[in-house]
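Given next are the chains, with one letter for each unit.
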Amino acid sequence: MQMVLIIFAINIVYVTFFTVRMILTMKGYRYIAATVSMVEVVIYVVGLGLVLDNLNQIQNLVAYALGYGCGVIIGTKIEEKMALGYIMVNVITAEKNLKLPAILREKGFGVTDWSANGLDGDRSALQILTPRKSELNLYVTIKEIDPKAFIIAYEAKTIHGGFWLKSVKKGKLEK
């Protein structure tokens, strides 16, 4: 039973490191990702060695698989808390006279807004760049002002120009 728990725990730690490393790599944090990968591979070799040495017991293989699944969940939860990078949020609202752009600007969000046309008539469209750490706060603010607003978000991969460019490059846009 002790071996099962050890294998389970080792695989949770390994896959958590693996998941975080992959996300760091995709976000451009190469050197931090390389450091994490060195720890990750040691944990992997130890865990795999334990399973291969005890392959005659099915519970060890099951513990390895369960640890893997739990590691993925824990790794993604950690990434959500880290909230690296920026998102671009597009908002479309039917309320033409809302003060939404001004309120969002007051709260420190960079907002570009314009008039748009939709299936049911005139709309207001907004485009907002924000650090992922501020994402939920942004959504709450938008929904408080216009609960029917259409919101779509995507990750900003490249940022060039605009009044926030220097802040983004220095990592000082975080709220």
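Residues numbered from 1 in each chain as written. Predicted model: local features only at pLDDT ≥ 70, side-chain atom pairs only at ≥ 80, totals over all residues. Heavy atoms only, no water.

With respect to the overall build of the protein
The following threshold applies: Helical segments are the DSSP runs of H or I of at least four residues, strand segments are the runs of E of at least two, and each set is numbered from the N terminus. We take the radius of gyration over the C-alpha atoms and set the globule estimate at 2.2 Å times the residue count to the 0.38 power. We call two residues contacting when some pair of their heavy atoms lies within 4.5 Å. In short, Shrake-Rupley with a 1.4 Å probe defines the accessible areas, and a residue's cover is counted only from the protein chains shown. Under the convention used here, Asp and Glu are negative, Lys and Arg are positive, and both His and the chain ends fall outside the count. Every charge is mapped onto a representative atom, which is NZ of Lys, CZ of Arg, CG of Asp or CD of Glu.
Counting its secondary structure elements, the protein contains 6 helices and 4 strands. Against the compact-globule benchmark of 16 Å for 175 residues, the protein has a radius of gyration of 23 Å, which places it well outside the compact range. Dimensions of the protein, computed from the C-alpha atoms along their principal axes, are close to 70 × 35 × 25 Å. The contacts of the protein with a sequence gap of at least 6 include a subset with a gap of at least 24, amounting to 72%. Counting every atom, the protein has about 11100 Å² of accessible surface; 63% of that belongs to carbon and sulfur. Mean positive and mean negative side-chain charge positions of the protein (20 and 14 charges, respectively) differ by 7 Å.

Some remarks on the pairing of strand β1 (residues 86–93)
Keep this limit in mind: Under the scheme applied here, a residue whose accessible area is under 20% of the maximum for its type counts as buried, over 50% as exposed, and between as partly exposed, the area being computed with a 1.4 Å probe on protein chains only. DSSP bridges decide pairing: two strands pair if at least two such bridges lie between them.
Within β1, 7 of the 8 residues are buried, which leaves the element mostly enclosed by the surrounding structure. Note that β1 and strand β3 (residues 121–131) share 8 bridges and pair antiparallel. Across the sheet, residue Thr-93 finds its bridge partner in β3, namely Ser-124. Of the pairings in the sheet, the one linking β1 to strand β4 (residues 150–155) comprises 6 bridges and is antiparallel in character. Counterpart to Asn-90 in the pairing with β4 is Ile-152.

Observations regarding the sheet that holds β3
What counts is decided by this rule: Between the N-to-C directions of two axes lies an angle of 0 to 180 degrees, each axis being a line fitted to C-alpha atoms and, for a helix, fitted only over the stretch in contact.
The antiparallel open sheet is built from 4 strands, whose spatial order is β2-β3-β1-β4. With partners counted over all chains shown, the strands left at the sheet margins are β2 (110–118) and β4, one partner each. Across the sheet, the axes of successive neighbouring strands diverge by a mean angle of 20°, strand direction being ignored. Against the sheet, helix α5 (residues 135–145) contacts β1, β3 and β4, and its axis sits at roughly 10° relative to β1.

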